[in-house]
Amino acid sequence: MRPVYTAPGWWIAYDASVVSRPVLKRITALLIPSLVFVGLYLRALDYEFVWTDLGEIEQGSLVRRTDRILDAFSEPMHGDLDFRLAGVPQSFYRPLQVALVSLIHARHGATPRYYRAANLAIGAATALLFAAFAQLLFQRVELAVLAGLIFAVHPGGIEVYVWIAGLSSALANFFVVGSVLAAALALRADRPGPGAALVGLSAATFALGLASKEHAVVTPVLVLVCAASLGVLEPRGGRQPRGRRSFLSTTAGLLLVQGSIALAYVAWWRPRVLGSAFTGAPLIGGHLDLQWFSSAALVPRNLLWLVFPLHSTTSDVVRVVSSMADPMVWMGIVLAAVSLIGWFVLLRRGHVVAALGLAWVWIAYIPTSGVVPLLHARAERNLCLSIFGAALLWPAAIAPLLRMPGPSLRRAITVALAFLPVLVLAERAWARTPDWRSNLELFERDVSRDPLYREGMYQLGAALFEAGRAPEAKRHLEALLAIGPRFAGHWSYLRMPDSYELYCWINRAAGRAEDTVGLLDGRFGGRLVSAEAMPGFSFCVGLALEASDRFEEAIDLYTRLIPVGDPRARALFTVGIARCHATLGRLAQAKEWLTQVDSTGVRDPTLDSEIRTVRRLIRRASRPAGRRRTPSR
């Protein structure tokens, strides 16, 4: 029989023929969380693109040509798309997501099922890796399966695995868990060769995690806590001094390599690609103290939802807390302090898996807790990495009950009750998943639950407009754009230029250009001072000004927009100027501007239609008064 490398509670065989039947049964059991995960979310495969999927995949802001896919590793997530025009810097570096999306797009185009299939496959693989890690810790297959199932069915995974844009988090979760598992195996290795290979594998998967999403930067800390737990798990006196030295040297090697990668990523590579190590998102309430007070006040709510996710939402609305005297701030601080003390107590008393789970929850939570500003101050997807820690806590709590002597019937009842939370979580995830079938269903539900959800109101307005329900869309946009006390004291993300632009196009479709002009007069004093920062809205405003016979203002607006547009946009702005001059009877100027359009070489059906409209206006204005046709009604 060929030798097999083994570690306590784990098995790696160089020859499948030497794997024992009990080992095969355990490996088969560890597949259960993956199968349950796929069964839970498989019906979402053909759901529509929702939320940012529409812009990133359907409109292609995330997609690279196959010959440019490797460029994603040296440029921001959205390439050369200039978000600075809207006052939002490019704050994301996620090249693996971009590369995978681009490869799928090259093969299958903009068909949602293939992108979602990738998410589900990664989620199933992550559930298997995590169950294997739990087996390494508990050395009891039923507890490992229980931990894997809690992760697989937790509703916090919906925004990561059902929402296609969650691919970055899905990849990061896979590589973080893989890195920690490889590190744990390296620490348990009884030979230097496999140990060194596993250290290299842990470092490589960590680097891939950073290329997936920035929250993977916590991996070295998770590895450190895992090493501390595994060190305590070893029976007293169970290691010879030389073995102990090997354990410590492997731990030091892991931390040195991963710490170096993390430092290079944060201090050098992200600033080089993005211009900053951080997101560049605005502070809650515009002040750092409000940012930290509000974030601390969120801690109880977020951790409670992590344990009892009774209702799910995409809403990111947070209450702006202006004073440290707020009781929720102190509750968040106390929770953190109690958790730190609890970690020391659990570790000291030998409950090391529970200690690891508790530490994992907090380590994964801190980067998205609001210590640094985020575009979305609160999001369920940001808690997904903490779910792994929570999934270790419950099996660790019931493990002593399974070790107690007693009749087999009582043990069976204990195991059945232990799996009851899995059924509750699965029901919550099953009930929530259909909301993601379309933008309309998702945001109708979430805005009805949270009327202060500004981005949800915008997305709902856009979905209603697309569905031909313009009056309802208009009402939502007017409520969103209203200046008043409604949103005072709360904070949520919204790109206002997008909201203005959508409102303008809704008015144009409804023949209510005067409402857009009224917004312009009331909000901007009759002149769109920030036209260069909002070219899409400004172009629509120009059309509204034309419809209101304010041609000189429209010409001024189009002239200001020409330098900031792409070639097609500049051509449309130029046609707009020609159209205004033709309508005012300035035929020479109109022809001159049309000549500038021709020189751009830009052509598409929309532009050609606009050019034909201007030429008809010129011909009509050129006819003698007696020969002009009366427009048909």
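Considerations on the pattern of salt bridges
- Taken as a whole and assessed by the stated rule, the structure comprises 27 salt bridges.
- The partner of D435 in a salt bridge is R445, with the nearest N and O atoms 2.9 Å apart. Of the two residues, D435 is situated in the loop between helix 17 (420-432) and helix 18 (439-449) and R445 in helix 18; the sequence distance between them amounts to ten residues.
- On the accessibility criterion, R445 (38% relative accessible area) is partly exposed.

Examining unusual backbone geometry
- In this structure, W51 takes a positive phi of about 60° despite not being glycine.
- Checked against the element boundaries, W51 lands in the loop between helix 2 (32-41) and helix 3 (53-58).
- With a phi angle near 65°, D549 is a residue other than glycine that sits in the positive phi range.
- In this structure, D549 sits in the loop between helix 23 (535-547) and helix 24 (551-561).
- With relative accessibility at 58%, the residue D549 sits in the exposed group.

Remarks on the side chain of N119
- Take N119: it is sitting in helix 5 (residues 112-138).
- N119 sits in the buried class, given a relative accessible area of 0%.
- If sequence neighbours within four positions are ignored, N119 has contacts with V160, Y161, W163, I164, G166 and L167.

Looking at the state of the cysteines
- If you walk through the whole model with that rule in mind, you get one disulfide.
- Disulfide partner of C504: C540, at an S-S distance of 2.0 Å. On the S-S bond that ties C504 to C540, the torsion sits near -95°, and the link is left-handed. Pair noted here: C504 is in helix 21 (residues 496-509) and C540 is in helix 23, with a separation of 36 residues, a long-range link.

A word on the nonpolar core
- Counting 180 residues, the largest nonpolar core has F130, F133, L392 and W436 as its most contacted members.
- When residues no more than four places from it in sequence are discounted, the contact partners of L392 are F130, F133, A134, L137, F138, A147, V353, L356 and G357.
- Judged by nonpolar contacts, the second largest core, of five residues, contains F293, A297, V321 and V329.

Some words on the confidence of the model for the chain
- When the pLDDT values of the chain are averaged, the result is 87; 90% of them are 70 or greater.
- Within the model, pLDDT remains below 50 along residues 1-18, and this stretch shows 36 contacts once partners closer than five positions in the same chain are excluded.
- Throughout residues 82-88 the model reports pLDDT below 50, and contacts reaching past four residues in sequence, or to other chains, amount to 13 contacts.

Focus on the packing of helix 23 against helix 24
- At a minimum axis separation of 8 Å, helix 23 and helix 24 run at an interaxial angle of 160°. Between helix 23 and helix 24, the angle is such that the two are roughly antiparallel. Relative to helix 24, the crossing made by helix 23 is left-handed. Where helix 23 approaches helix 24, its residues P535, S538, F539, V541, G542, L543, L545 and E546 are matched on the opposing element by F551, E553, A554, L557, Y558 and L561.
- Within the contact of helix 23 with helix 24, the residues separate by chemical class into ten nonpolar, two polar and two charged.

A look at a positive patch on the surface
- Together, R612, R616, R619 and R620 line one region of the surface with positive charge.
- For R612, the position within the fold is in helix 27 (residues 605-622).
- According to the relative accessible area criterion, R612 is partly exposed, its value standing at 47%.

Rules of the game
Residues numbered from 1 in each chain as written. Predicted model: local features only at pLDDT ≥ 70, side-chain atom pairs only at ≥ 80, totals over all residues. Heavy atoms only, no water. Salt bridge = Lys/Arg side-chain N within 4 Å of Asp/Glu carboxyl O. Helix = DSSP H or I, 4+ residues; strand = E, 2+ residues; numbered from the N terminus. Buried < 20%, exposed > 50% of the residue type's maximum accessible area, 1.4 Å probe, protein only. Contact = heavy atoms within 4.5 Å. Disulfide = S-S within 2.5 Å. Core = buried A, V, L, I, M, F, W, Y, C linked by side-chain atoms within 4.5 Å. pLDDT = per-residue confidence, 0-100. Axes fitted to C-alpha atoms, helices over the stretch in contact; angles between N-to-C directions. Parallel < 35°, antiparallel > 145°, perpendicular 65-115°, else oblique. Left-handed = near helix turned anticlockwise from the far one by under 90°. Nonpolar A, V, L, I, M, F, W, Y, C, P; charged D, E, K, R; others polar. Patch = residues over 30% accessible without salt bridge, like charges linked within 9 Å, V, L, I, M, F, W, Y side chains within 5 Å. Areas by Shrake-Rupley, 256 points an atom, 1.4 Å probe, with all protein chains shown as cover. Lys, Arg positive; Asp, Glu negative; His and termini not counted. Charge placed at Lys NZ, Arg CZ, Asp CG, Glu CD.

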